[in-house]
Amino acid sequence: MRTIKSALVGSFVIFSLISAPTADARWMLDTGPELTVSRMDGEGLLQTRSDIYFTVDVAQVNSTPQAAGQTAGPSVIEKYAVVVDGVVDKIINWDGFSENEDLNPEAVIIKMPENDGVKYVDSYGDIIIAPVYQGSIVSALIAPEVKVTPEVGLVQIIEIVAPAEPVGPPAVNASAPVVVAQEVAPNNSINMTIEVKTSEIPANSTVSIQVVTDGRSTTSIGVDPTAPLSQIVVRDLPQNENVTVKTIITNLDTNKETVIINPVVATIPAPIVIPEPARNAAQDLATIAKPYVTSLIFDASGHRVAEIKTPVIPNYDTSKTNASLMVVGPGGSTTSIGLFGNGETLTVGTLGPDFTYTVKIVLRDLGSGKETFIFGDPIAKA
């Protein structure tokens, strides 16, 4: 029987030949990732390289219930990709409606595809799944050949018509890593045991297992390529979250890299005692006014200086709550100023004229550690 080859090697060549959507025709493989990289470079985005590139119908970007303005719905927990600057930063479990710390103007929340990936037929006629994982690059289609960086509120220019998804189960690569066990460590993190077969791996190769967690944080452990079967333990993984397991095979003769990626794996929950919260997040969001800019001027250096009025924070006890005003600019550059909670007006300077800044109040509940964000109107570029 022929060994299934990894479809993730040389992605620029393979993906330019494939267009395969999910069942709802919303997630697809990127048919021209080299153009995506060029566009992202032109936008000054920091991460433009990925093992897999995807496109999504703009309707999928705008269909997240909160983004669509819906305020109530069924409490069905599903996976959503949190996309920052076109890159999947996190994969969260969420009902689409309730408060979530990842729901902020700096990210786009997109429902994950069925089976957590896109099925397609490779050049050998095998059905393969390309998993969506932390680090995947996603572009939004506003027309069949027009890709943009995802953001809420995009408008479709021309209807996107995608071919049907292949029917049948996807093939499994013989060298794909397998999670065989998980256990809770004393510090409430997760130890994950992963098994990898190396019998199909070419001689004179190096092999490593990588586990990617939210924030695109990666743990990499080398594997003995001469052993037919190896087990490794990856420690200190977050509990009750989605992680991605990858095998990286590098042929030392050709310097060619093969990447085998599994669909996301849920880590087991740890029996963590949840502390009593000091604040009511829903009440804070409903009653605390948003911060707003009262004055915006240019200083002698050509930078902008903003006067920002912050809200009164009821029941503010510094032993139970930490509050701050945050002004976030390009690349995550942040000015943070602590608050007394009495509605003070603060001055924030050296804001570039060519960038848009996010303004928000951050309330950290010192009992539970949970943060609540109260967003003001952004400071738009001049």
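For every chain, the first residue of its written sequence is number 1, and the numbers climb from 1 along that sequence. Local features in a predicted model are, by the rule used here, given only for residues with pLDDT of at least 70; side-chain atom pairs are given and counted only at 80 or more, and totals for whole chains, interfaces and linings are based on all residues. Processing note: side-chain calculations cover all non-hydrogen atoms of the structure and skip hydrogens and water entirely.

Asks: Help me understand the pattern of salt bridges, please; the structure alone is not making it clear to me.
Replies: For side chains bearing opposite charge, pairing can occur when the charged atoms are close. We define a salt bridge as a contact between a side-chain nitrogen of Lys or Arg and a carboxyl oxygen of Asp or Glu at a distance within 4 Å. Scanning the entire structure with this criterion turns up nine salt bridges. In this structure, the salt-bridge partner of Lys-79 is Asp-116, at a minimum N-O distance of 3.3 Å. Of this pair, Lys-79 sits in strand β3 (residues 78-84) while Asp-116 sits in the loop between β5 (108-111) and β6 (117-121); the two residues are 37 residues apart in sequence, bridging distant segments of the chain. In this structure, Arg-279 engages Asp-284 in a salt bridge whose closest nitrogen and oxygen atoms are separated by 2.8 Å. What counts as a helix is a DSSP run of H or I of at least four residues, what counts as a strand is a run of E of at least two, and both are numbered from the N terminus.

Asks: Sorry if this is basic, but what is going on with the environment of Val-233 here?
Replies: Looking at the secondary structure, you find Val-233 in strand β14 (residues 229-237). For Val-233, the residues in contact, after removing those within four places along its chain, are Asn-191, Met-192, Thr-193 and Ile-221. By definition, residues are in contact when any of their heavy atoms lie within 4.5 Å.

Asks: What exactly am I supposed to notice about the nonpolar core here?
Replies: The nonpolar side chains of a soluble globular protein tend to be buried with one another. For the purposes of this section, nonpolar cores are sets of buried Ala, Val, Leu, Ile, Met, Phe, Trp, Tyr and Cys residues that join through side-chain atoms within 4.5 Å. Residue burial is assigned from relative accessible area. The probe radius is 1.4 Å, only protein chains are included, and a residue is buried under 20% of its type maximum, exposed over 50%, and partly exposed in between. Within the largest apolar cluster, 28 residues are counted, with the highest numbers of intra-cluster contacts made by Trp-27, Leu-29, Ile-52, Phe-54, Val-56, Val-88 and Ile-110. Among the elements that take part in this core, strand β8 (residues 137-143) stands out by supplying three residues, more than any other. Ignoring any residue separated from it by four or fewer positions in sequence, one finds Phe-54 in contact with Trp-27, Met-28, Leu-29, Asp-30, Val-118, Ala-130, Pro-131, Val-132, Ser-136, Ile-137, Val-138 and Ser-139.

Asks: Help me understand unusual backbone geometry in this model?
Replies: Excluding glycine, residues mostly have negative phi values, and the peptide bonds linking residues are mostly trans. Even without being a glycine, Asn-240 presents a positive backbone phi close to 55°. Note on placement: Asn-240 falls in the loop between β14 and β15 (242-251). The partly exposed category is assigned to Asn-240, whose relative accessible area is 44%. Although it is not a glycine, Thr-350 sits at a positive phi angle of roughly 50°. Of note, Thr-350 is situated in strand β22 (residues 345-351).

Asks: I tried to follow the sheet that holds β14 on my own but got confused; where do I start?
Replies: Adjacent strands of a sheet pair through backbone hydrogen bonds, lying either parallel or antiparallel. Here, a strand pair is defined by DSSP locating no fewer than two bridges between the strands. Strand order in this open sheet of three strands is β10-β11-β14, and the pairing throughout is antiparallel. The outermost strands of the open sheet, each flanked by one partner alone, are β10 (178-184) and β14. Averaged over neighbouring strand pairs, the angle between their axes works out to 20° when direction is ignored. Here six bridges tie β10 to strand β11 (residues 190-197), and the two strands are oriented antiparallel to one another. The partner of Val-179 across the bridge, within β11, is Ile-194. All axes here are fitted lines through C-alpha atoms, helices being fitted over the stretch that makes contact, and every angle between N-to-C directions spans 0 to 180 degrees.

Asks: Hey, could you run me through the sheet that holds strand β23 (residues 358-365) in this one?
Replies: The four strands are arranged β21-β20-β23-β24 in an open sheet whose pairing can be described as antiparallel. Pairing within the sheet leaves two strands with one partner each, and these edge strands are β21 (334-338) and β24 (371-375). Across the sheet, the axes of successive neighbouring strands diverge by a mean angle of 25°, strand direction being ignored.

Asks: What is the right way to look at the pairing of strand β18 (residues 292-298) in this model?
Replies: Each regular strand carries side chains that alternate between the two faces of the sheet. By the bridge criterion, six bridges tie β18 to strand β19 (residues 304-309) in an arrangement that is antiparallel. Bridging across to β19, Ile-297 finds its partner in Val-305. Here β18 hands over to β19 after five residues, with Gly-302 in that stretch at a positive phi of 90°.

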